[in-house]
Amino acid sequence: MTTPTEQSRLWQLISPLSPVGAYHHSQALEQAVGTGWVEDEDSALAWINDLLGRSIANLDLPVVARARTAWRGGDVSALLHWDALCRACRETSELRDEERNMGAALVALMGELGERSPDGHRLGYAAAFGVAAANAALGERDTVGGYAWAWCENQVACAVKLTPLGHSAGQRMLRKLGASLDGVVAHALAVPDDEIGLASPGLAIASAQHETRHTRLYRS
């Protein structure tokens, strides 16, 4: 990707204006704040950074990369395989709902923009992101890095809303997270097929608790 026009396809895909509903979800960060696990800038950064490096880099990003490759090659079976694996790794009903609903929204958006997607298949968000990236002829590293950045940005936005953090703290967090993306992307692209997955018990526990939270701002 060398020109602003080419880069704009990535920017549009990861923009907060993309109508996929990412802003509805905190991925259990709301519960982590409610239980006191996250209470300030340092703990928020630690929570987000740990999930980025241990969960997103080992599940979401490898799936996005493989979905992009499968769709580029016309291998719908492989695309559906990686989509099913990603869904199976979502450990709570709210995380599965998030994957399904955001994927459906992105597939619908592709249709409205005249882009192709697998006929008759309801993709989760990670797989749909890979399809959209392939449609836009995005490179693998740009695709994976863009997904990672958008995830970080949404998590930081949630942290700023949920804790007494100002926007300057949010920008400091984003700068530190951005500095780690080269390593995160390199790791994600090196994960073998049979090692894709995650083990984030804190995330699973917080998400399961969040499902029955009496009042909440986010769906997950």
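The paragraphs below set out a description of the structure included in this document. (Residues numbered from 1 in each chain as written. Predicted model: local features only at pLDDT ≥ 70, side-chain atom pairs only at ≥ 80, totals over all residues. Heavy atoms only, no water.)

**Some thoughts on the environment of L138**
Turning to its location among the elements, L138 is positioned in the loop between helix 6 (125-135) and helix 7 (140-162). In this structure the C-alpha to C-alpha distance between L138 and E39, which are 99 residues apart in sequence, comes to 37 Å. (Helix = DSSP H or I, 4+ residues; strand = E, 2+ residues; numbered from the N terminus.)

**Quick notes on the environment of L203**
Checked against the element boundaries, L203 lands in helix 10 (residues 201-211). For the pair L203 and R216, spaced 13 residues apart in sequence, the C-alpha to C-alpha distance is 17 Å. Excluding its chain neighbours within four sequence positions, the residues that come into contact with L203 are Q27, A28, W47 and L51. (Contact = heavy atoms within 4.5 Å.)

**Quick word on the side chain of E30**
Relative to the elements of secondary structure, E30 occurs in helix 2 (residues 29-34). Although E30 lies buried, it forms no salt bridge, and the closest oppositely charged side chain, R213, sits 4.4 Å away as judged by the N-O distance. At 2.7 Å, the side chain of E30 and the side chain of H210 are in polar contact. (Buried < 20%, exposed > 50% of the residue type's maximum accessible area, 1.4 Å probe, protein only. Lys, Arg positive; Asp, Glu negative; His and termini not counted. Salt bridge = Lys/Arg side-chain N within 4 Å of Asp/Glu carboxyl O. Polar contact = N/O pair within 3.5 Å; in protein donor to acceptor, adjacent residues only side chain to side chain.)

**So, unusual backbone geometry**
In this model, Q27 sits at a positive phi of 50°, which is unusual for a non-glycine residue. Locating Q27 in the fold gives a position in the loop between helix 1 (4-14) and helix 2. Even without a glycine there, the phi angle at A137 is positive, about 60°. Here A137 shows up in the loop between helix 6 and helix 7. Using a relative accessible area of 65% as the deciding quantity, one classes A137 as exposed.

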